[in-house]
Amino acid sequence: MSTTEAEIAMPVEAARAAPRLSALVVAHNEEAQLAACLSRLTFADEIVVVLDRCTDRSRDIAGEFTGEIVEGAWEREGPRRNAGIAACHGEWIIEIDADERVTAELAVEISTVVERSPADWHLIPIDNYVGDRLVRWGWGASFGRSAHAGLFRKGVKHWGDQRVHPAVSLSGSQGPALGARLDHHVDRDISDMLRRLDRYTSLRAQDLRDSGDIGSLGRNLRRILSRFWKCYVGRRGYREGAWGLLIALCAALYPILSYLKARLEPE
């Protein structure tokens, strides 16, 4: 083969070797859940794991599944997730958290969508579990999600800079939502759910202070009712009985607690 022929052949071979689908997991001290998460991602051409200030066995566990490991320290969630997206080599990316599990049905559907879809991103519906209890209805209003844009082409998704629930910007065309669901083990029990509410509202309070506008007491009091209605009625939390009531209460308290922490607590 001549030099010219070799120079032409090398880019072609490199293009053929490029992964079609990258699976991205971003984690902080997730040794208890990481292996169960990564073991469900072997259908992807590449697994990328971002480890943020991990002091447990997360790196050793990640190394059992992939050599694509990015380690660092990020103060905020958005830049950490953007670093993970940048490290992926695939044309498509499936973004998963350590407490989420891709079912066999979802893996098959993702592989099919990646091969056939003309769109740029797709929503993945989520089944949320509290312990072993499936709680499907009522999530939303900054306290849980029933679907997310987890499957997308590289370059389409960008995370914002907020500390909690960073904004997501998506470009290109949206395809139909997937039919199979992602399993999300969101909380271990009710106490864990309440600790999450405390953690989220503390981070939100910092974002409010940084913005220079923490809002008003009146507006946040009114949001108690609107948020409760959104989750319990609009998102049909009533179908979950007492669990739906609990989720709606947490969602309703999220804005007012964030406001009060921003107003009353020192930075």
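Residues numbered from 1 in each chain as written. Predicted model: local features only at pLDDT ≥ 70, side-chain atom pairs only at ≥ 80, totals over all residues. Heavy atoms only, no water.

Draft legend 1. Representation of the packing of aromatic side chains in the model. Considering all chains together, one arrives at two aromatic pairs under this definition. The ring of F143 carries R196 above its face, with NZ or CZ at 4.1 Å from the centroid. (Phe/Tyr/Trp six-rings, centres within 6.5 Å; stacked < 30°, edge-to-face > 60°. Lys NZ or Arg CZ within 6 Å of the ring centre and 35° of its normal.)

Draft legend 2. Inspection of the pairing of strand β11 (residues 182-187) at higher detail. With respect to burial, β11 is a largely interior element, five of its six residues being buried. In the sheet, strand β6 (residues 121-130) pairs with β11 via five bridges, with the strands oriented parallel. Note on β11: the bridge partner recorded for I126 is L182. (Buried < 20%, exposed > 50% of the residue type's maximum accessible area, 1.4 Å probe, protein only. Helix = DSSP H or I, 4+ residues; strand = E, 2+ residues; numbered from the N terminus. Pairing = 2+ DSSP bridges.)

Draft legend 3. Just the layout of surface pockets, in detail. Here the second largest pocket defines a volume of roughly 260 Å³. Along the wall of the second largest pocket there are 16 residues; nearest its centre are R204, L208, R219, R223 and R227. Looking at the lining of the second largest pocket, the elements that each hand over two or more residues are α6 (190-211), α7 (217-234) and α8 (242-264). With four residues, α7 is the single largest residue contributor to the lining of the second largest pocket. (1 Å grid on protein atoms, 1.4 Å probe; cavity = no way out; pocket = protein on both sides within 12 Å on 5 of 7 lines; lining within 4 Å. Points joined across faces, edges and corners; volume = space filled by probe spheres on them.)

Draft legend 4. Structural context of the pattern of salt bridges. Following the criterion strictly, the structure yields 25 salt bridges and no others. Between K157 and E95 there is a salt bridge, with its nearest N and O atoms 2.7 Å apart. With a gap of 62 residues between them, K157 in strand β9 (residues 157-159) and E95 in strand β4 (residues 92-97) connect regions that are remote in the sequence. Here K157 and E95 have matching classes, each one buried. As a salt-bridge pair, D192 and R195 come within 3.9 Å of each other at their nearest N and O atoms. Placement of both D192 and R195 in helix α6 is noted, with a separation of three residues, approximately one turn of the helix. R195 gets classed as partly exposed once you look at its relative accessible area, which sits at 43%. A single salt-bridge network, built from bridges that share partners, covers E77, R81, E95, D97, E100, R145 and K157. (Salt bridge = Lys/Arg side-chain N within 4 Å of Asp/Glu carboxyl O.)

Draft legend 5. Up close: the state of the cysteines. As enumerated under the stated definition, the model contains zero disulfides in all. Of all cysteine sulfurs in the structure, the one in C37 sits closest to C88, which takes part in no disulfide; the separation is 13 Å. For the unlinked cysteine C231, the closest cysteine sulfur is that of C250, found at 9.7 Å. (Disulfide = S-S within 2.5 Å.)

Draft legend 6. How the structure looks around the confidence of the model for the protein. When the pLDDT values of the protein are averaged, the result is 93; 94% of them are 70 or greater. Least confident of the elements in the protein is helix α1 (residues 3-17), whose mean pLDDT is 46; most confident is strand β5 (residues 100-102), at 98. Within the model, the stretch residues 1-16 combines pLDDT values under 50 with two contacts to residues more than four positions away or in other chains. (pLDDT = per-residue confidence, 0-100. Contact = heavy atoms within 4.5 Å.)

Draft legend 7. Layout of the pairing of strand β3 (residues 68-72). Where strand β2 (residues 46-52) and β3 come together, five bridges link them in parallel fashion. Across the sheet, D52 pairs through a bridge with G72, a residue of β3. As a crossover connection, the stretch from β2 through helix α3 (residues 58-63) into β3 is right-handed. (Right-handed = clockwise from strand over helix to strand, strands pointing away.)

Draft legend 8. Quick look at the packing of α7 against α8. Where α7 meets α8, the axes come as close as 8 Å, and the angle between the chain directions of the two elements is 160 degrees. With respect to α8, the axis of α7 lies roughly antiparallel. Handedness of the α7/α8 crossing: right-handed. Counting all contacts with α7, which are made through L217, N220, L221, R223, I224, R227, F228, C231 and Y232, the residues of α8 involved are G244, L245, A248, L249, A251, A252, Y254, P255, I256, Y259 and R263. When its residues are assigned to classes, the contact of α7 with α8 shows 15 nonpolar, two polar and three charged. (Axes fitted to C-alpha atoms, helices over the stretch in contact; angles between N-to-C directions. Parallel < 35°, antiparallel > 145°, perpendicular 65-115°, else oblique. Left-handed = near helix turned anticlockwise from the far one by under 90°. Nonpolar A, V, L, I, M, F, W, Y, C, P; charged D, E, K, R; others polar.)

Draft legend 9. Here's a closer look at the nonpolar core. Core analysis: the largest hydrophobic core is formed by 31 residues, its most contacted members being L41 and L151. Secondary structure elements with two or more residues in this core: β1 (21-27), α2 (34-38), β2, α3, β4, α5 (104-116) and β6. Ranked by the residues each element gives to this core, the list is headed by α5, at five residues. Filtering out sequence-adjacent residues up to four positions away, L151 remains in contact with L21, W92, I93, I94, I110, V113, V114, D120, W121, H122, I124 and L178. In this structure, A141, Y200, C231 and L246 belong to the second largest nonpolar core, which totals 17 residues. (Core = buried A, V, L, I, M, F, W, Y, C linked by side-chain atoms within 4.5 Å.)

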